[in-house]
Amino acid sequence: QVQLVESGGGLVQPGGSLRLSCAATTRLFSIYTMGWYRQAPGNQRELVATMTFGGSTNYADSVKGRFTISRDNAKNTVYLQMNNLKPEDTAVYYCNARKIVGDSSSWGQGTQVTVSS
């Protein structure tokens, strides 16, 4: 039931940086674990990073040390700072909100990230 709107995607050269934002339209932001997932053409959607309301994080091994997830609970917004981008990071990135009870999820429409020279 929560609406999610991603922004910040685009075209960047290898080694560059982008910051994705996801704004959630909910009054109950605290009951959601927020996350970022990505899907490249022909591939399964995969976890990139998640963050609970209390600040616990989880990252895919492929992005550890390069990506950082954060959330501003007062603004109902989650971010993904992506540094040292690689061509294999090219994908559509989706914001996800999952209730801490019941495992119901909401998805944004996605934002395209293309890493290419």
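Let me sum up the structure you'll find in this document. If you're wondering where the values come from, they're calculated on a predicted model, not measured in any experiment.

**A closer look at the sheet that holds strand β7 (residues 67-72)**
Spatially, the 4 strands line up as an open sheet ordered β1-β3-β8-β7, and their pairing is antiparallel. Unpaired on one side and paired on the other, β1 (3-7) and β7 mark the two borders of the sheet. When the angles between neighbouring strand axes are averaged without regard to direction, this sheet yields 15 degrees. Where β7 meets strand β8 (residues 77-82), 6 bridges bridge the pair, whose relative direction is antiparallel. The partner of Asp72 across the bridge, within β8, is Thr77.

**Regarding the state of the cysteines**
Structurally, a disulfide amounts to a covalent bond that connects the sulfur atoms of two cysteines. Taken as a whole and assessed by the stated rule, the structure comprises 1 disulfide. There is a disulfide in this structure between Cys22 and Cys95, and the S-S distance comes to 2.1 Å. The sign of the S-S torsion, about -85 degrees, decides the handedness of the disulfide formed by Cys22 and Cys95: left-handed. Of this pair, Cys22 sits in strand β3 (residues 18-25) while Cys95 sits in strand β9 (residues 91-99), and the two are 73 residues apart along the sequence.

**Observations regarding the pairing of strand β11 (residues 111-115)**
Only one face of β11 is covered, namely the face carrying Thr111, Val113 and Val115; the face carrying Gln112 and Thr114 is uncovered. Where strand β2 (residues 10-12) lies against β11, 3 bridges are found, and the strand directions are parallel. Within β11, the residue paired with Val12 across the bridge is Val115.

Criteria and thresholds
- Residues numbered from 1 in each chain as written.
- Predicted model: local features only at pLDDT ≥ 70, side-chain atom pairs only at ≥ 80, totals over all residues.
- Heavy atoms only, no water.
- Pairing = 2+ DSSP bridges.
- Helix = DSSP H or I, 4+ residues; strand = E, 2+ residues; numbered from the N terminus.
- Axes fitted to C-alpha atoms, helices over the stretch in contact; angles between N-to-C directions.
- Disulfide = S-S within 2.5 Å.
- Buried < 20%, exposed > 50% of the residue type's maximum accessible area, 1.4 Å probe, protein only.

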